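So the chains spell out like this:
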Amino acid sequence: MNREKRSGGINRRQFIRRSAALGLGAVLSPSIARLSWSASRERIAVYNSSVADSLNPYNHSSSPIYGLWQHIMEPLVEVGYEPVGYTGVLAESWEFQGKKWVFHLRKGVRFHDGAPFTSKDVIFSVNRIRTDKNSLQKSNFKDVVEMQAPDDHTVVFVMKQPNAVFLDRVQNRFILSKAAADKYGDQMDNYATGTGAYKFVSYQRGGNFVMTRNDDYWGPKAEIKEVIFRKVTEEAARVAGLEAGQVDVINNVPVHDVPRLERNSRLRVEKVEGLRTFFLALNPAFKPFDNKLVRQAANYSVDASAIVKNIFNGNGFVLNGPLGPHVIGYDPTHKRYPYDPKKARELLAKAGYPNGVEVKLYFSAGRYPQDREVCQVVAAQMGKGGFKVELVNQEWVIFWGTSGVNGGRLPFYYIGRGSLVDADTLYDQYFRTGTTKRLSYSNPEFDKLIEEEQKTGDPKKRVVLLQQAGKILMEEVPFMPLYNLADLYGVARNVVWKARPDEKIWVWDMKIRS
């Protein structure tokens, strides 16, 4: 359940001031220029902290951006949350047949340019995901050895070995039009063509991403005619736009603004327990984090409970292990490292750093709620444990790209893994040898457990294997588990909409109340 409470003792701002004596106070940007449009019955405007940085739908792996693209392009399957499970979108049904996954495609679907949707489009799209040099999604298909199209409405994926979690790999993988690729070649992204409820209109990097309703959509027609997404990373600017009536929906409402927004008769705050798991990554490819004692010391030096209480006013849930209780593979026996700066200093000395150690903590301000404040407080807390922490703020496209996290270039960073339903997603992407470059951790015993659980069809046996893998991570700690947060959205009161727990804002789910 979501919860909101006032912190006792010192208030939130006092806590941040006392903790973050690093000269990096929260920066509020100047007010954004008033836009030429305003909310109307047929238009929804969204200010989001994360919007596409290019028209390549595969050069990211971010939940909010998946949500944006799904207005235009659609996957074979998606995750539903009531109850949690996979539902078909462009696939009507599927079968797990050992080393094969067979998908039966929806008939009668057409792309925005009128071309029929067929198995050829699926194979083309997956091939592009796997070969596009800018794709950040190719690891999802690393175990696929062949794709077959027995007919226009059947696709068969042949795997190296049985893969029980393949549905998790194909959700969020959007299907493009092969006909559009044949027509436009390398310029096809400029004519973004999908099967979704909305059609692409225009895009300006750092500006507006505009879509209009697809009146020929194969499913229920959306009520809202036009959708405008705008990337606004500054929290104060998003809130100001909402209060000024420039925008209908914003994400990541700062907790200290919640009471004021709730008092506004034109607005409301939508809350949902989020699926994003927040943690600090400790990359063993870099000193000093190649030493397990240093990684353990780091875990002893951060007080996640104080962060949740004082920065998020209790709107969060401290993690005792790699996963929250809503994730498949959760282990209730895990216990987090207690906050013990003395123990941290002792471990650093044992590791060869009796005078402490200097590290850089990378983050991307505005991407996550109160992320700058969180990192300031982490730096201050770790200082008591013997770590001299320098904060490095990067633009998201640099931080997350191949020159940052996805290139294996960052030794220590603050990150949130969104839409986490199955532990395998996190474990495979961040901790299994060779899957991605995000974290250069390698443990043969861990790898063997992941390989085994991925081909285990029995759900109970899979959970046991995932729990064993989690125990290894809690001993080796190539990361520092922090918390899940309640996701907070600011919404115009006349917008009828229920937030999802995966940070995706779907406008086709919205209606305007008269």
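So, here is what we can say about the structure in this document. (Residues numbered from 1 in each chain as written. Predicted model: local features only at pLDDT ≥ 70, side-chain atom pairs only at ≥ 80, totals over all residues. Heavy atoms only, no water.)

1. Notes on the nonpolar core
Item 1. One finds F387, Y413, Y414, Y427, F431 and Y483 to be the most contacted residues of the largest nonpolar core, which totals 88 residues.
Item 2. Looking at this core, the element that brings in the most residues is strand β12 (residues 267-282), giving seven residues.
Item 3. When near neighbours in sequence (up to four residues on either side) are disregarded, Y413 contacts F279, L280, A281, L361, Y362, F399, V405, Y430, R438 and L439.
Item 4. Of all hydrophobic cores here, the second largest spans 67 residues; its members include V51, A52, I72 and V249. (Core = buried A, V, L, I, M, F, W, Y, C linked by side-chain atoms within 4.5 Å. Buried < 20%, exposed > 50% of the residue type's maximum accessible area, 1.4 Å probe, protein only. Helix = DSSP H or I, 4+ residues; strand = E, 2+ residues; numbered from the N terminus. Contact = heavy atoms within 4.5 Å.)

2. Side note on the packing of aromatic side chains
Item 1. Going through the model one piece at a time under the given rule, you end up with 37 aromatic pairs.
Item 2. Taking 5.1 Å as the distance between ring centres and 80 degrees as the angle between the ring planes, the aromatic pair formed by Y300 and Y337 counts as edge-to-face. Here Y300 is found in helix α8 (residues 292-300), whereas its partner Y337 is found in the loop between β13 (316-318) and α10 (341-350), with 37 residues between them in sequence. Grouping residues by exposure puts Y300 and Y337 together as buried.
Item 3. The interplanar angle of 85 degrees and the centroid separation of 6.5 Å between the aromatic rings of F431 and F446 together place this pair among those described as edge-to-face. With F431 in helix α13 (residues 423-431) and F446 in helix α14 (residues 444-454), this pair connects stretches of sequence that are 15 residues apart. (Phe/Tyr/Trp six-rings, centres within 6.5 Å; stacked < 30°, edge-to-face > 60°.)

3. Topic: the pairing of strand β3 (residues 84-88)
Item 1. Where strand β2 (residues 77-81) and β3 come together, five bridges link them in antiparallel fashion. Paired with Y81 across the strands is V84, a residue of β3.
Item 2. Taking the residues that link successive antiparallel strands as the turn, the β2-β3 hairpin has two residues. (Pairing = 2+ DSSP bridges.)

4. Description of the sheet that holds strand β7 (residues 154-159)
Within a sheet, neighbouring strands are paired by backbone hydrogen bonds and run either parallel or antiparallel to one another.
Item 1. With antiparallel pairing, the four strands of this open sheet are ordered in space as β4-β5-β7-β6. The open sheet has two edge strands, β4 (91-97) and β6 (144-151), and neither has a second partner. Pairwise comparison of adjacent strand axes, ignoring direction, gives a mean angle of 15 degrees for this sheet.
Item 2. Pairing of strand β5 (residues 100-105) with β7 involves five bridges; the strand directions are antiparallel. Note that in β7 the partner of K100 across the bridge is V158.
Item 3. Packed onto the sheet, helix α3 (residues 119-131) meets β5, β6 and β7 and runs at close to 165 degrees relative to β6. (Axes fitted to C-alpha atoms, helices over the stretch in contact; angles between N-to-C directions.)

5. A look at the side chain of N163
Item 1. Note on placement: N163 falls in the loop between β7 and α4 (166-170).
Item 2. Given the relative accessible area of 3%, N163 is considered buried.
Item 3. A polar side-chain atom of N163 sits 3.5 Å from the main-chain amide nitrogen of F166.
Item 4. What N163 contacts, discounting residues up to four positions off in sequence, is F96, G98, W101, D143 and Q454. (Polar contact = N/O pair within 3.5 Å; in protein donor to acceptor, adjacent residues only side chain to side chain.)

Read these as spatial facts, not as claims about activity.
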